[in-house]
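Fold and geometry: a report
Each chain, letter by letter, is given below.
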Amino acid sequence: MKGIILAGGSGTRLHPLTLVLSKQLMPVYDKPMIYYPLSTLMWSGINEILIISTPKDLPIFKELLGDGEKYGCKFQYAEQESPNGLAEAFLIAEEFIDKEKVALILGDNIFYGTGLSTLLQQNNNPDGGIIYAYHVHDPQRYGVVEFDKNGKVVSIEEKPQKPKSNYVVPGIYFYDNSVVEKAKKIKPSERGELEITDINKAFLREDKLKVTVLDKGTAWLDTGTFNSLMQASQFVQLIEQRQGLKIGSIEEAAFKMGYINKRQFKDLIKPLLKSGYGKQLMRLLD
């Protein structure tokens, strides 16, 4: 399976912070924001990843991450000239996806929880589409999932004024190869965007959409506003300092998933020792 990180957009809700720097390059405590979705894909068992961003920001992502070889991965890059919707990612990535299945994750989404890696790995071979549902207090900001009394999904609506439930779709999606053809068939919404909700509706009509409710022990953070960006940093700081564990470390994911060996891991974290970031990772070798 291949993976896509959509890290475009203009980040207007974070101006002036993002006037000259991509939102996905902003720090979330001790690492760039893009490390979190990237590590999520790596923990899912995916190490061939396409990063989509704006023409202005793409060179910085390339400088930060390179070709992925030192992480035991293959990173490629593609441009999204303007924010035309999440589903456009599959059109941009058609050649990259080829005949494989694909996961899409948003570049400003952070996931954390016990057993999350196992859950993601169980879902990385979909026949149709696999998405998640997460309980929030403000569902009108997201794609909303409606369940019947038996827990079966009956509808998905994009940013409804009157949500039919408090369950929303967080920014990670697993699809089989038919997603590319589905993306070609959808029309722009009233917002002028190709909506990921329309992709999910297409799978739902075919009865090929699986929706898994994430439990209360899973944290999903959307870092698109000043408050949520600060809260995400505080959350990561608290967990890392209390437990002595890293959240969103691509170096740890590469090592523990077996993409790199012990010697390669040591070489990777050596330049990170002085900041303290590498010292925590060094404990993994004990």
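Residues numbered from 1 in each chain as written. Predicted model: local features only at pLDDT ≥ 70, side-chain atom pairs only at ≥ 80, totals over all residues. Heavy atoms only, no water.

1. Points about the overall build of the protein
Counting its regular elements, the protein contains 11 helices and 14 strands. Its C-alpha atoms give the protein a radius of gyration of 18 Å, within 12% of the compact-globule value 19 Å for 286 residues. Projecting the C-alpha coordinates of the protein onto the three principal axes gives extents of approximately 50 × 40 × 40 Å. Burial analysis of the protein (286 residues in total) assigns 52% to the buried set. Considering only intrachain contacts with a sequence separation of at least 6, the fraction spanning at least 24 residues in the protein is 75%. Where the 36 positive side-chain charges of the protein centre and where its 35 negative ones centre are 5 Å apart. (Helix = DSSP H or I, 4+ residues; strand = E, 2+ residues; numbered from the N terminus. Rg over C-alpha atoms; globule rule 2.2 N^0.38 Å. Buried < 20%, exposed > 50% of the residue type's maximum accessible area, 1.4 Å probe, protein only. Contact = heavy atoms within 4.5 Å. Lys, Arg positive; Asp, Glu negative; His and termini not counted. Charge placed at Lys NZ, Arg CZ, Asp CG, Glu CD.)

2. Some points on the nonpolar core
Grouped together as the largest cluster of nonpolar side chains are 46 residues, with contacts concentrated most on I5, M42, I49, L65 and Y71. Setting aside chain neighbours within four positions, we find Y71 in contact with Y35, M42, L65, I250, E251, A254, Y259, I260 and L268. Counting residues in hydrophobic clusters, the runner-up holds 32 residues, among them I4, A78, V180 and I199. (Core = buried A, V, L, I, M, F, W, Y, C linked by side-chain atoms within 4.5 Å.)

3. Section: the pattern of salt bridges
Here the idea is simple: oppositely charged side chains can pair when their charged atoms come close. Applying the stated criterion across every chain, the model contains 19 salt bridges. Of the charged contacts, one joins R141 and D222 as a salt bridge, the two residues approaching to 3.8 Å between their closest N and O atoms. In this pair, R141 is assigned in the loop between β8 (129-135) and β9 (143-147) and D222 in strand β14 (residues 219-222), connecting sequence segments 81 residues apart. Given the relative accessible area of 35%, R141 is considered partly exposed. Between K256 and E252 there is a salt bridge, with the nearest N and O atoms lying 3.4 Å from each other. Of this pair, K256 and E252 both sit in helix α9 (residues 250-256), four residues apart, which is roughly one turn of the helix. (Salt bridge = Lys/Arg side-chain N within 4 Å of Asp/Glu carboxyl O.)

4. A short note on the side chain of D176
With respect to the helices and strands, the residue D176 is situated in the loop between β12 (172-175) and α6 (179-185). Buried within the structure, D176 lacks any salt-bridge partner; its nearest side chain of opposite charge belongs to K208, at an N-O separation of 5.0 Å. For D176, the side chain forms a polar contact with the side chain of S178, separated by 2.6 Å. With near-sequence residues (within four places) excluded, D176 lies in contact with K101, P126, D127, G128 and F203. (Polar contact = N/O pair within 3.5 Å; in protein donor to acceptor, adjacent residues only side chain to side chain.)

5. Examining the side chain of E240
Along the polypeptide, E240 turns up in helix α8 (residues 226-243). For E240, a relative accessible area of 2% puts it in the buried group. If we skip the residues at most four places from it in the chain, E240 touches Y29, D30, K31, L245, K246, I247 and Q280.

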